[in-house]
Amino acid sequence: MTLPPNQLPSNPKIVFLDRETLAPAIRLRPPAFPHRWEKHQRTAPEQVPERLHGASVAVINKVPLREPVLEQLPELRLIAVAATGTDCVDTAWCDRNGVAVCNIRGYAVHTVPEHVFTLILALRRSLLSYRRSVEAGRWQEARQFCFFDHPILDLHGARLGLIGGGSLGNAVATIGRAFGMDVVFAGRKGEAAPGGDRVSFDEVIATSDVISLHCPLRPETRGLIGAAEFARMKPEVLLINTARGGLVDEDALTSALRGGRIGGAGFDVAMPEPPPADAPLMRLLDLPNFILTPHVAWAGRNAMQALADQLIDLIDAFQQGKPFNLVAGKPA
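In this report, we go over the structure that sits alongside the text.

Under the defined criterion, the tally for this structure stands at four aromatic pairs. Summarising the aromatic geometry, the rings of F267 and F290 are spaced 6.2 Å apart at their centres and angled 50 degrees between planes, so their arrangement reads as tilted. You can see F267 sitting in strand 10 (residues 264–267) and its partner F290 sitting in strand 11 (residues 290–292), a full 23 residues away along the chain. One exposure class covers both F267 and F290, and it is buried. Over the aromatic face of F147 sits the side chain of R138, whose NZ or CZ is 5.1 Å from the ring centroid.

What you see with strand 8 (residues 210–213) is no split at all: V210 and S212 on one side and I211 and L213 on the other are buried throughout. As paired strands, strand 6 (residues 159–163) and strand 8 are joined by four bridges and run parallel to one another. Each bridged residue has a counterpart across the sheet, and for G161 the counterpart in strand 8 is I211. Pairing of strand 8 with strand 9 (residues 238–241) involves four bridges; the strand directions are parallel. Across the sheet, residue V210 finds its bridge partner in strand 9, namely L238. A crossover connection joins strand 8 to the parallel strand 9 through helix 9 (residues 227–232); in handedness this β-α-β unit is right-handed.

Burial within strand 6 is extensive, with five of its five residues counted as buried. Residues R159, G161 and I163 line one face of strand 6 and the alternating positions L160 and L162 line the opposite face, and both faces are buried. Bridging between strand 6 and strand 7 (residues 182–185) involves four bridges; their strand directions are parallel. Across the sheet, L162 pairs through a bridge with F185, a residue of strand 7. In this fold, strand 6 hands off to helix 7 (residues 166–178), which returns the chain to strand 7; that crossover is right-handed.

Glancing now at the side chain of N103. Tracing the backbone shows N103 in the loop between strand 5 (100–102) and helix 4 (111–124). There is a polar contact of 2.9 Å between the side chain of N103 and the backbone oxygen of T84. Setting aside residues no more than four positions away along its own chain, N103 makes contact with V81, A83, T84, T86, Q310, L314, N325 and V327.

Taken in spatial order, the six strands make up an open sheet running 2-1-3-4-5-12, and their pairing is mixed. The open sheet terminates on both sides in strands that have one partner only, identified here as strand 2 (36–39) and strand 12 (326–328). Strand-to-strand, the axes of this sheet are offset by a mean angle of 20 degrees, without reference to chain direction. In the sheet, strand 4 (residues 78–81) pairs with strand 5 via three bridges, with the strands oriented parallel. Bridge pairing links A80 to C102 in strand 5. On top of the sheet, helix 11 (residues 301–319) reaches strand 1 (13–16), strand 2, strand 3 (57–60), strand 4 and strand 5; it is set at about 160 degrees to strand 4, its chief contact.

Calculation notes
- Going along each chain's sequence as written, the residues are numbered from 1 onward.
- Restriction of local features to residues with pLDDT of at least 70 applies here, the model being predicted, together with a cutoff of 80 or more for giving and counting side-chain atom pairs; totals for whole chains, interfaces and linings are based on all residues.
- With hydrogens and water set aside, each side-chain value is computed from the structure's full complement of heavy atoms.
- Aromatic rings from Phe, Tyr and Trp, with only the six-membered ring used for Trp, were paired whenever their centres fell within 6.5 Å, and each pair was classed as stacked if the ring planes differed by under 30 degrees, edge-to-face if by over 60, and tilted otherwise.
- Numbering of helices and strands runs from the N terminus, with a helix taken as a DSSP run of H or I at least four residues long and a strand as a DSSP run of E at least two residues long.
- For every residue, the accessible area (1.4 Å probe, protein chains only) is compared with the maximum for its type, and the residue is labelled buried under 20%, exposed over 50%, or partly exposed between those bounds.
- The rule is short: NZ of Lys or CZ of Arg within 6 Å of the ring centre and within 35 degrees of the ring normal puts a charge over the ring.
- If DSSP finds at least two bridges between two strands, the strands pair.
- Here, the term right-handed applies to a crossover whose path from the first strand over the helix to the second runs clockwise when the strands point away from the viewer.
- Any pair of N or O atoms that falls within 3.5 Å is considered a polar contact. Within protein, one atom must be able to donate a hydrogen and the other to accept it, and sequence-neighbouring residues count only if both atoms are side-chain atoms.
- Throughout, a contact is declared for two residues whenever any of their heavy atoms are within 4.5 Å.
- An axis is simply a line fitted to the C-alpha atoms; with a helix, the fit covers only the stretch in contact. Between two such axes, the angle follows the N-to-C directions and lies from 0 to 180 degrees.

Listed below in structure tokens is the structure:
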């Protein structure tokens, strides 16, 4: 009997293709219905068809699922993405073929904004530079209680420009206002008159002291920040990217930082991930005004457990005919 696309068979096969993208300490409770659970710590692209053969549910974080692979999986009913971003899935194909795609939402509303402000504060107050100076003996050389080799800039009164809203952008805005920052949200790039309380993209680029990115990676946002944008930024601006690596032209960023065109940058993402040792961002690690972290802004212990719990909730709800967080494959 052929099942409708939005229904699981009895005792379905569920396969997690990249379990190591969640920390070992995070508990994944079993779904609440009879099933066959299979997990792999990591999966290479060429291994996907074999491992998902006969599977009704694919659980992934970053393993790509594109049309040539999806066409080989006629029993697949649900792709549960253990993340918010779904650019690794061919959602258009899933829509056409009735395969549901669900993602995780809201779990990082505290942990990502905290990471954003960790980067902002470290850079605005030159923490890395001062630490390096102290390690090198500069404090003893100064022969007084302090020294002023590196700039220290307060957050109070500075303009925080947010590109992308949603729960994360709004949470960052709340913290920024608590510091006394002038918070503005950017309209879409190229939009002459953004609606509501947003200001133009060009104004945010030109007037912000700190710019933080919180938008998804889509064709229209790829390369959102490039050489033209860096040329219009204030000389002391910080660029913070905890969203997606492809939003920023990394070669243009390199030129802006090496040329002293901007004040600094804090990145938690790259393109690709992990970046090769000679990638543009890796070649910037000698700079004291650049911080690169390995895509861990989302990975606070509580947030990661909330993600894991919501992941199983997605599967349980789909089996009950009550899917939520649907990105593609809306049920009939």
